[in-house]
Amino acid sequence: MGCCTDNDLSHDSAREACSQAIRDAIKTALKDDVFGVLVDALPTLGKSRTVATIGDDISHFSAKEEVDITVLTHRKETRNQMEEWAEQAGLDSHQLPVFDDDCPTAEGAFGEDWEERICDLRDRGISPGRLHADPTYDLPCSDSQTCPYMDGWEECRKHQILVGHPTHAYVPEVIRDRIVVFDEDPGEAFRTDFSANDIHRIVSEYLSNTDEITWETGEGEKPVESVDQLKSFRTFGPKEQIEETLETLRSAELFGDPTLVGRVGGHGLARAVTLSMLETERQEMGNGAERIELPDDAVAVYDSVDGWLYIRRPPDLSSAAAIVGLDGTPIVRIWEGRLGCPSDQHLRHERVLCDDCRNRYLRDVLGYRVCQTTTHVKPYGSGTNIHSEKDLALIEAVYRETGQEPAVITTQAAEQVLSEEWTHVQKSAHYGNIKGTNRFEGDAIRIGIVIGSQHPGDHEIKRLAALNGDTLDLPEKRRNRGKNLTYGVDSRSDEAEDPYLAHFREHQVVQAIFRFGRRDGATVFVHTGVVPDWILTEGPLDSENEVFRRARSAGEREVLDALEQGDSLTAKEVVESVDIAKRTVYDRLEDLRKDGLVEQLDEDRPSRWRLADTEPDQGHVIDDRWYVNLPVKRVSSAD
C-alpha cells in the first residue's frame, strides 16, 4: 500500500492524490487565514490539467455563489494546452492577450519604426494597456479599428477561467475576487534589473528635469544632478532635508509614470531608481549587497560590487479570493518573496507523496531508470570547465548501448559547445528553458542524458537571497566548492538543505530528468553528482573512473603484450621485453593494476606481475581514446 495514497501506488492513485491536494489547497486558501497554499507535486502528476478543468467543482469550495479562476503560467505552449483541456471539459475559458503576440504594432505589422517605438516605450515602463488607451501615443493598430490586443482584454470579463502570464497579475480585474493559481514558479517576472550605466543615465535624466532634490549648503541651494551627488547628499546632507525629499519621492508615482517616459531617455521607474539610491533605511546584507524596502511592497537590492540595482515589485494580490501555487520543485521562501507575501503571513506548504513514494512512483509506476555516471558536480553554467571529450564519449556510448538516439539536456553554454561535435542526438535543450515543457515526452524519446549542472554564479544567488532578506556566507574562491559548496543559509523544516543552492542546482537536475518520457518513462543517464537522495540512481558510483577510462596507451599495450608471454614477470623482466623507459614501465604497471588488468604478486621478492585472471568489462571504446562502461547494461528503449 502506498503510504501517501489510499490504495496501491499507480498512475491513477498518484494523480488523484495530486488532484485532491489542489482541491484541498483551494478550500484552505479560501477559508483559512493564510496568504496562500503552495502545492508541491512532481512533474507528470497532472497539476496543469487539474486546474484547467476544475471549474465545475469550484462552486463547492466557497460559500459564494460563483468564484472564477485565473491560471498564470510562463509557457505559451502550456497556456494553449490549458485552453484545450478546458474546452474538452466543456468549460468557459479565455487566454489573456500578450502584447508581443497579439498587438499588430508590436509584431511589426506597421513597420519596424513603429515596432521599435512601441516596444521601447513598453521597456521603459509604460504598460501596454496605457499605450493603447492614451491617445497621446496614437498607435496605428487603433486608428480605424480596435486592436486585437485590446479586444482580448474586453473578452476577459466574460469568462469563468482566465489563462495568462504571471505579469497579468498586475491587472486588477484578472485578480479581483478570483482564485489565482500560479502554475510553476513565477521566476523573475516581477523583477527589473538596472546596470550601473542604466542607473547613471536614468537618474541623471530624472534629476536634470526636476527641482525635487536640492542640497542646502553654505553657498545656498544646489541642485543634485548625478548619482554620485545623490549618494553624497544621502551621506552628508541635512537630515531634515533628506527626509523631506524621501517623503516626496515615496508618495509620488514610482512605477510607470508616463510623464517620465515622455522625456528623451526617460524611464517610468526613474523615481523608484532614484529613491532606491537615496533611501537612508538600508539593510546591509553582506558581500556588498544593500536591501531597500520601497512603497507598495516593492523591494530593491543595490549591489555595490558591480553597481547593479534590482527592483522587485510583486503584484497586489490582496483582492484575490484565494492564492494557490503549483510547483514540482519549490522553495517556499523564494515563492513567498516573489509573490510579495507579507512578513506576518506565510504560504502553507502541502506536499504530494513522501520521498519513498516519490521514488517508487518514479521507478515502479513511471518506469524511469536513472543511471548516474559521475560523482562530480560538473558546474557547466559558465562554459569554462566543460569536459567535452568525456561528454561526447558518453553520448556515443549511450547510443551504442541502447541503439537509440538520446535527447540531451545540459547548460546553454555546454549545449553550444557540444552540439558542434556530437552525433546521434535526437533533440537537445538547456536548463532554464525546460520547466513545464513536454517537448521530450512520448515513445519517441525514451533515452535521455543530463550533462553537467547549472550554477548562475555566487552573485545571482546573493541577489535573490538579499531580495528575500537572507544573508549568504559566500565561500572563498577555490574553497568549499563542488559537493561541499554551501551558502550558510539555515533551511526550514519544509525546505531542501541550502535552499538557494538547491533551487538553482539540484532542482534543475530533477526538472531535467522528468522532461524525458514523462508518463511513458525513460532511461536517463545523469552526468552530474547533484542528484537528490530521494532519486535512487543505479550504480552506485564511488568514482567517475568506474565509467570512464582512457583507452590503453602504446606503452600500456607493450606491457600487456610482454605479460602475455609468461605466467608472471618481474618489473625488470618487463623492462627487458619492451622499448620504453624503466620508470615508465613502473608507472604503466601501476596504472594497469588500478584498472584491474594486471595483478602484483607479493609472495616473492622482487614482486612479480601477471595478467589478471578476469579482465574487467571495459565497455565501449570511443574514438580509441575512452572506454565507457555504463552503470547499467543491456538498456534498451523497450525496458
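Residues numbered from 1 in each chain as written. Predicted model: local features only at pLDDT ≥ 70, side-chain atom pairs only at ≥ 80, totals over all residues. Heavy atoms only, no water.

Draft legend 1. The arrangement of the pattern of salt bridges in detail. Throughout the structure, instances matching the rule amount to 37 salt bridges. Taking the shortest distance from any N to any O, the salt bridge between E293 and R291 comes out at 3.3 Å. Two residues, E495 and R333, come together in a salt bridge whose shortest N-O distance is 2.7 Å. Here E495 is found in the loop between α18 (458-467) and α19 (499-504), whereas its partner R333 is found in helix α14 (residues 332-339), with 162 residues between them in sequence. Via salt bridges that share partners, D185, E188, R191, D193, R338 and E460 belong to a single interconnected network. (Salt bridge = Lys/Arg side-chain N within 4 Å of Asp/Glu carboxyl O. Helix = DSSP H or I, 4+ residues; strand = E, 2+ residues; numbered from the N terminus.)

Draft legend 2. Expanded view of the sheet that holds strand β24 (residues 620-622). Strand order in this open sheet of three strands is β20-β25-β24, and the pairing throughout is antiparallel. Here the strands that pair on one side only, and so sit at the sheet edges, are β20 (548-550) and β24. Each strand of the sheet is rotated relative to its neighbour by a mean of 30°, with strand direction disregarded. Direction of pairing for β24 relative to strand β25 (residues 626-628): antiparallel, over a ladder of three bridges. Looking across to β25, one finds that V621 is bridged to Y627. (Pairing = 2+ DSSP bridges. Axes fitted to C-alpha atoms, helices over the stretch in contact; angles between N-to-C directions.)

Draft legend 3. Fine view of the sheet that holds strand β1 (residues 36-40). The seven strands are arranged β3-β4-β2-β5-β13-β1-β14 in an open sheet whose pairing can be described as parallel. Of all the strands in the sheet, just β3 (93-95) and β14 (347-351) have a single pairing partner and so form its edges. On average, each strand axis in the sheet is inclined to that of its neighbour by 20°, with strand direction left out of account. The pairing of strand β2 (residues 68-72) with strand β4 (residues 161-164) spans four bridges and is parallel. Note that in β4 the partner of L72 across the bridge is G164. Where helix α3 (residues 76-88) meets the sheet, its contacts fall on β2, β3, β4 and β5 (178-183), and the angle it forms with β3 comes to roughly 160°. (Contact = heavy atoms within 4.5 Å.)

Draft legend 4. How the structure looks around the packing of aromatic side chains. Per the counting criterion, the structure on display carries six aromatic pairs. When the ring of Y149 is compared with that of W153, the centres are 6.5 Å apart and the planes differ by 75°; the resulting orientation is edge-to-face. Highlighted residues: Y149 and W153, both in helix α7 (residues 148-155), separated by four residues, approximately one helical turn. According to the relative accessible area criterion, Y149 is buried, its value standing at 6%. An aromatic cluster of three or more residues is present, and its members are F99, Y149 and W153. (Phe/Tyr/Trp six-rings, centres within 6.5 Å; stacked < 30°, edge-to-face > 60°. Buried < 20%, exposed > 50% of the residue type's maximum accessible area, 1.4 Å probe, protein only.)

Draft legend 5. Spatial organisation of unusual backbone geometry. One non-glycine residue, T44, lies in positive phi territory at about 85°. Tracing the backbone through its elements, the reader meets T44 in the loop between β1 and α2 (47-52). Residues other than glycine seldom take positive phi values, yet D177 does so here, at roughly 60°. Within the element layout of this structure, D177 appears in the loop between α8 (172-175) and β5. For D177, a relative accessible area of 47% puts it in the partly exposed group.

Draft legend 6. Representation of a negative patch on the surface within the structure. Negative charge collects at one region of the surface, where E216, E221, E240 and E244 lie side by side. Mapped onto the secondary structure, E221 falls in strand β8 (residues 220-223). (Patch = residues over 30% accessible without salt bridge, like charges linked within 9 Å, V, L, I, M, F, W, Y side chains within 5 Å. Areas by Shrake-Rupley, 256 points an atom, 1.4 Å probe, with all protein chains shown as cover. Lys, Arg positive; Asp, Glu negative; His and termini not counted. Charge placed at Lys NZ, Arg CZ, Asp CG, Glu CD.)

Draft legend 7. Quick look at the pairing of strand β23 (residues 608-611). Relative to β23, strand β21 (residues 569-570) is paired through two bridges, and the arrangement is antiparallel. Note on β23: the bridge partner recorded for L569 is W609. Of the pairings in the sheet, the one linking strand β22 (residues 598-601) to β23 comprises four bridges and is antiparallel in character. Within the sheet, the bridge partner assigned to L601 lies in β23 and is R608.

Draft legend 8. Main features of the pairing of strand β11 (residues 299-303). Across the five residues of β11, five count as buried, placing the element largely inside the fold. Residues V299, V301 and D303 of β11 are buried on one face, and the alternating residues A300 and Y302, pointing to the opposite face, are buried as well. Note that strand β10 (residues 289-293) and β11 share five bridges and pair antiparallel. Note on β11: the bridge partner recorded for A289 is D303. In textbook terms, the turn of a hairpin is the stretch between consecutive antiparallel strands, and for β10 and β11 this stretch comprises five residues, one of which, D296, has a positive phi near 60°.

Draft legend 9. Focus on the environment of P499. Relative to the helices and strands, P499 is located in helix α19. Relative accessible area serves as the criterion here: at 0%, P499 is assigned to the buried category. Linking P499 and P330, residues 169 residues apart in sequence, is a C-alpha distance of 9.6 Å.

Draft legend 10. Focus on the side chain of D40. With respect to the helices, strands and loops of the structure, D40 is situated in strand β1. Polar contacts involving the side chain of D40 include one to the side chain of H349, which spans 3.1 Å. If sequence neighbours within four positions are ignored, D40 has contacts with D327, G328, P330, H349, E350, R351, V352 and R358. (Polar contact = N/O pair within 3.5 Å; in protein donor to acceptor, adjacent residues only side chain to side chain.)

Draft legend 11. Summary view of the nonpolar core. Grouped together as the largest cluster of nonpolar side chains are 63 residues, with contacts concentrated most on V39, L45, Y361, I513 and F516. Considering every element that reaches this core, the biggest residue donor is helix α1 (residues 11-31), with seven residues. Apart from the residues within four sequence positions on either side, V39 is in contact with A21, I22, A25, V324, G325, L326, D327, E350 and V352. Listed in part, the 36 residues of the second largest apolar core include L96, I126, A320 and L347. (Core = buried A, V, L, I, M, F, W, Y, C linked by side-chain atoms within 4.5 Å.)

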